[in-house]
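The primary structure of each chain is shown beneath.
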Amino acid sequence: MERSLTHIALFAALIAVLGLIPKIDLAAGVPITAQSLGIMLCGTVLGARRGALAVLLFLALVAAGLPLLSGGRGGLGVFAGPSVGYLIGFPVAAFVTGWLMERTTLPTGLAAGAASVIGGIGVLYVFGISGMAIMLDKSLTEAAFLGMAFLPGDILKAVIAGLVTQSLARMRPASLLSRA
Amino acid sequence: MLTLTSPVEIWAHRLPAGVKLAAMALATTGLFLMGSPLGLGLSALATATLYLAGGGGFAMTGLRLLRPLWPFVLVVAAWHLWTGDFAGGAAVTLRMLTAVALANFVTMTTRLSDMIAIFQGLARPLAPFGLAPRRLALAMALVIRFIPVMLDRLAQITDAWSARSARRPRWRVLVPATLAALDDADRAAEALRARGGTG
């Protein structure tokens, strides 16, 4: 009971911390923030239920007024803005990533990378692009065109999520709750 | 850690958080039902007055919070200049800016503790499913406490890397950072259990 709660809380904190790392530090020359990497890791490490709860806890603190989204954004305003679809998609993305991670029999690193691509990119983009289409009054195709700007960075993040999860599995096999 | 609540106290700080949230929900619904650029322009003007009533410093902070929206404004403006639908473009831009500004206004005039109290109230019906308000409050407090701890840890890991290598660590710091988060979670769980559990 306590362990479940602290894992959820610590990973919510991890999402926030990853959003605060300066963009350029993650990979050479590619301006990406690590926040959605945190969402992927919630799924691959904590699994579906706990991963989604960690993301919801993080979003609750953002809504409560803490500037924890990348770029120091936060408060209720971000839920009224054009990126709201991504925020709604965050917990779903973590859930799907975790669910896939729990079900698949692929080797850990590959499973984590593939689950991150499907959950953390595929599912997230469906929500994010639909959100932009509604908020900016554009067609889905036009909104998708805008959303694709982030695709190269997000693929890189899915690869990193796979590598990090694999390293964790090797160093501390019991820590991977998604595979427990 | 800094919150987005404005240190400049204005009249709206004294309103109950629930009232402000309800008013914001109503106003935002209205904005999305409204199609005419004129009505949306008047709403934007009313919102600007709301901010200016709080004084120059308060209004400037509000303006700064809208800054992340400029790429969207730019894209929408370019798109509607291209298609020639100026009224539609104005409506979309005004609606977006007004809705975000109204929501930011509630955040700027509500203390973090009051917002957390609202979440606890919302969680009350979920208590039978394991999300007791006390556990939610405990989890939120843990996150707020551990963010600076993890930032420090990440800085230490980066320093340790730099001391041994001329190359920059990049994503490799994430493995020890995540590992530290998992270990901290185990230790915090033990500490909680030793103090009587989460209730």
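Fair warning: this is a prediction, and the values are worked out from it, not measured in the lab. (Residues numbered from 1 in each chain as written. Chains lettered and ligands numbered in written order. Predicted model: local features only at pLDDT ≥ 70, side-chain atom pairs only at ≥ 80, totals over all residues.)

### Thoughts on the overall build of chain B
Okay, step 1: Across its full length, chain B holds eight helices and zero strands.
Okay, step 2: The secondary structure elements of chain B, listed N-terminal to C-terminal, are α-α-α-α-α-α-α-α.
Okay, step 3: In terms of C-alpha radius of gyration, chain B reaches 23 Å, well past the compact-globule figure of 16 Å for 199 residues.
Okay, step 4: Evaluated residue by residue, chain B yields a buried proportion of 31% over its 199 residues.
Okay, step 5: Look at the contacts in chain B between residues 6 or more apart in sequence, and 69% of them connect residues 24 or more apart. (Helix = DSSP H or I, 4+ residues; strand = E, 2+ residues; numbered from the N terminus. Rg over C-alpha atoms; globule rule 2.2 N^0.38 Å. Buried ≥ 20, exposed ≤ 12 C-beta atoms within 10 Å, placed from the backbone. Contact = placed C-beta atoms within 7 Å.)

### Structural notes on the packing of helix α1 (residues 2-20) of chain A against helix α8 (residues 174-194) of chain B
Okay, step 1: Contact geometry of α1(A) with α8(B) gives a least axis separation of 8 Å together with a crossing angle of 140°. Taken together, the axis directions place α1(A) and α8(B) in an arrangement best described as oblique. For the crossing formed where α1(A) meets α8(B), the hand is right-handed. Contacts between α1(A) and α8(B) involve A:Glu2, A:Arg3, A:Thr6, A:His7, A:Leu10, A:Phe11 and A:Leu14 from the former and B:Thr178, B:Ala181, B:Asp184, B:Ala185, B:Asp186, B:Ala188, B:Ala189, B:Leu192 and B:Arg193 from the latter. (Axes fitted to C-alpha atoms, helices over the stretch in contact; angles between N-to-C directions. Parallel < 35°, antiparallel > 145°, perpendicular 65-115°, else oblique. Left-handed = near helix turned anticlockwise from the far one by under 90°.)

### Digging into the interface of chain A and chain B
Okay, step 1: Residue-level contacts link 49 residues of chain A with 53 residues of chain B.
Okay, step 2: Counting only elements with at least two residues in the side of chain A that touches chain B, the list comes to α1, α2 (35-46), α3 (48-63) and α7 (151-171) of chain A.
Okay, step 3: At 15 residues, α1(A) tops the list of elements feeding residues into the side of chain A that touches chain B.
Okay, step 4: Of the residues contributing to the side of chain A that touches chain B, the split by class is 33 nonpolar, ten polar and six charged. (Nonpolar A, V, L, I, M, F, W, Y, C, P; charged D, E, K, R; others polar.)

### Quick look at the domain arrangement of chain B
Okay, step 1: Domain boundaries assigned for chain B yield domain 1 (11-110) and domain 2 (131-194).
Okay, step 2: The gap between the C-alpha centroids of domain 1 of chain B and domain 2 of chain B is 37 Å. (Domains from an automatic or database assignment.)

### Considerations on the environment of B:Pro133
Okay, step 1: Take B:Pro133: it is sitting in helix α7 (residues 133-164).
Okay, step 2: Classification of B:Pro133 by C-beta neighbours within 10 Å gives partly exposed; the count is 17.

### Some details on the nonpolar core
Okay, step 1: A:Ala9, A:Ala12, A:Ala13, A:Leu57, A:Phe58 and B:Val143 are the most contacted members of the largest nonpolar core, which has 112 residues in total.
Okay, step 2: When residues of this core are sorted by domain, at least three fall in each of domain 1 (11-110) and domain 2 (131-194) of chain B.
Okay, step 3: Residues within four places of A:Ala13 in sequence aside, it is in contact with B:Val143, B:Phe146, B:Ile147 and B:Met150. (Core = buried A, V, L, I, M, F, W, Y, C linked by C-beta atoms within 7 Å.)

### Side note on the packing of helix α2 (residues 37-52) of chain B against helix α5 (residues 86-108) of chain B
Residue and element names in this part refer to chain B.
Okay, step 1: It is at 9 Å that the axes of α2 and α5 come closest, and there the two elements cross at 30°. What the angle tells us is that α2 and α5 run roughly parallel. Crossing hand, α2 versus α5: left-handed. In contact with Pro 37, Leu 40, Gly 41, Ser 43, Ala 44, Thr 47, Leu 50 and Tyr 51 of α2, α5 contributes Ala 87, Ala 90, Ala 91, Leu 94, Arg 95, Leu 97, Thr 98, Ala 101, Leu 102 and Phe 105.
Okay, step 2: Grouping the amino acids of the contact of α2 with α5 by side-chain chemistry returns 13 nonpolar, four polar and one charged.

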